[in-house]
Each structure stands twice: as C-alpha cells, then as structure tokens.
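Structural characterization, general
Single-letter residue listing:
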Amino acid sequence: MQHTTRFCIVRHGETDWNREYRLQGHTDIPLNPTGQEQATSLSRALWPGRYAFDALYVSDLTRTRQTAAPLQTRLNLTPTFSAELRERHMGVFQGLTYAEAEHSIRDDYLQLKSRDPDYDLKGGESLNAFMGRIRDGFTGIARRHLGQTLLVVTHGGVLEMMYRLATGKPMSEARDFPIPNAALNWLSYSDGQWRLEQWADESHLAAALDEIQ
C-alpha cells in the first residue's frame, strides 16, 4: 500500500447559479450563504485526528477557494491552487440554464445532449479534452504524492470525470450517479489504476444540491 495515493475529492459548496441550475463552467461565481455553511460543515467533519491529509489541492476559482478556506485553517495545510482542476469550460452554454439553452441555441443544445465526445461547445472543452485534462492532472498529483492521502476541492464536472475514470463508465452513457455539493468522495491510485472507494458521503451536511452537468 505504500505506493497507493488516496484522494478525498470534494465538490465546492452551493452557489446561486447552482440553485438556478445555471451552467457555471469557468465563470467565477462565489458561494451563497448555504454554500458557506456547507464549507463550515465540511471543515468540522474533516477534523484532525479523524482524518490525516498530507496535502490540499484546490481549483483556482472563487467558489472552490472559499470552500477550502476553513479547511486549510482547520487542517493547517497550505493549499496548492491549480487551474488544471477547474470545471469544464462550457463555451456558449456558460451563464445559461439548460432550459434557456434549449430555447435560444437549440441545435447546440441537442448536440450537447447527444454527448458527442468531440463537440467543444463552440469555444469550450469537448468531453474528450476535459477528460484528458482531468486525468493527466490527477495522475500527476498522485505520482507526486505516492503513499500519501490528499484532499482536493474542485467541481462537479471534475468529479464526474474521476468517477468515469475509476469505474470505466463510458462517456457516451448519461450520468446516473449523484454529485452533491460538499460531499466526500474517496478514490485511490496505484500502479497506474484508479479505484473508487466511497462516493457521495454527505452525512455531515443538512442538504446539498446535485450537480446537473
């Protein structure tokens, strides 16, 4: 087990755009009051003595930074902020709800819903490009921290890619697993392979919205 890297991967707390089911992508949206409470609950759940983390990695967007802030204080960890851990860039869909996209850019909406892995959302990231970024980013982190346990604060789309990477679920299949705000998701990396250990533990939260991307 000394060559196994364990990850606790957390989606950021709730934002107003989450509540509106509005696609955020790289748009830099802050937490709302519920999200701030979730971040506090998260820091209380991950208290030293119950969990021991060797490093903290955080997407560089505001909503993840705010979610991580009480954690870095609680766990006495200096975060590494990384654009590599950002949400998928949603191109022309950023700022729109799915209903608005279906009405205003219907052809693009239908292509998005088809899950074409090479469709780049007109200036965003294709599923293949997004998966490549997340796979390479997490694998690089894992190899730098062999034998350690890491905490990562990131985004719902990132968690979807990691779930698919660990389980082999094809990109063409619709998501049928939850990705709540501020839940705990445990994965491990060993000898070039990813493994899912525990998913969507939100026992420390009163309520959390599921990711819609």
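Per chain, residues are indexed from 1 in the order of the written sequence. With the structure being a predicted model, the display of local features is reserved for residues of pLDDT at least 70 and the display and counting of side-chain atom pairs for 80 or more, all residues being used for whole-chain, interface and lining totals. As a rule here, side-chain values come from all non-hydrogen atoms in the structure, and water together with hydrogens is ignored.

**Some details on the overall build of the protein**
The number of helices and strands found in the protein is seven helices and six strands. Each helix and strand of the protein, placed in order from N terminus to C terminus, yields the pattern β-α-α-β-α-β-α-α-α-β-α-β-β. As defined in this context, the radius of gyration uses C-alpha atoms, and a globule is described by 2.2 Å times the residue total to the power 0.38. Over its C-alpha trace the protein gives a radius of gyration of 17 Å, about what one expects of a compact globule, namely 17 Å for 213 residues. With the principal axes as the frame, the protein shows a C-alpha extent of 50 × 40 × 25 Å. A run of H or I in DSSP counts as a helix once it spans at least four residues, and a run of E counts as a strand once it spans at least two, with each numbered from the N terminus.

**Some thoughts on helix H7 (residues 156–167)**
The end-to-end C-alpha distance of H7 is 17 Å, a good match for the 16 Å that twelve residues give at a rise of 1.5 Å each. Three exposure classes are used, based on accessible area relative to the maximum for each residue type with a 1.4 Å probe and protein chains only: buried under 20%, partly exposed in between, and exposed over 50%. Counting buried positions over the twelve residues of H7 gives ten, a clear majority of the element. If you check which residues of H7 are buried, you get Gly156, Gly157, Val158, Leu159, Glu160, Met161, Met162, Tyr163, Arg164 and Ala166. Two residues form a contact once any of their heavy atoms are found within 4.5 Å. Buried positions along H7 lie against strand S1 (5–11), helix H6 (127–144), strand S4 (149–154), strand S5 (184–190) and strand S6 (193–201). Here the expected span of a helix is defined as 1.5 Å times the quantity of residues minus one.

**Focus: the packing of aromatic side chains**
Pairs were defined over the aromatic rings of Phe, Tyr and Trp, the Trp ring being its six-membered one, requiring ring centres within 6.5 Å. Orientation was assigned from the angle between planes: stacked under 30 degrees, edge-to-face over 60, tilted for the rest. Inspection of every chain in the model, using the stated rule, returns ten aromatic pairs. Measuring from ring centre to ring centre gives 5.6 Å for Phe7 and Phe138, while their planes differ by 55°; the resulting arrangement is tilted. Taken together, the positions of Phe7 in strand S1 and Phe138 in helix H6 put the pair 131 residues apart, joining distant regions of the chain. According to the relative accessible area criterion, Phe138 is buried, its value standing at 0%. Ring geometry for Tyr51 and Trp186: centres 5.7 Å apart, planes at 20°, overall stacked.

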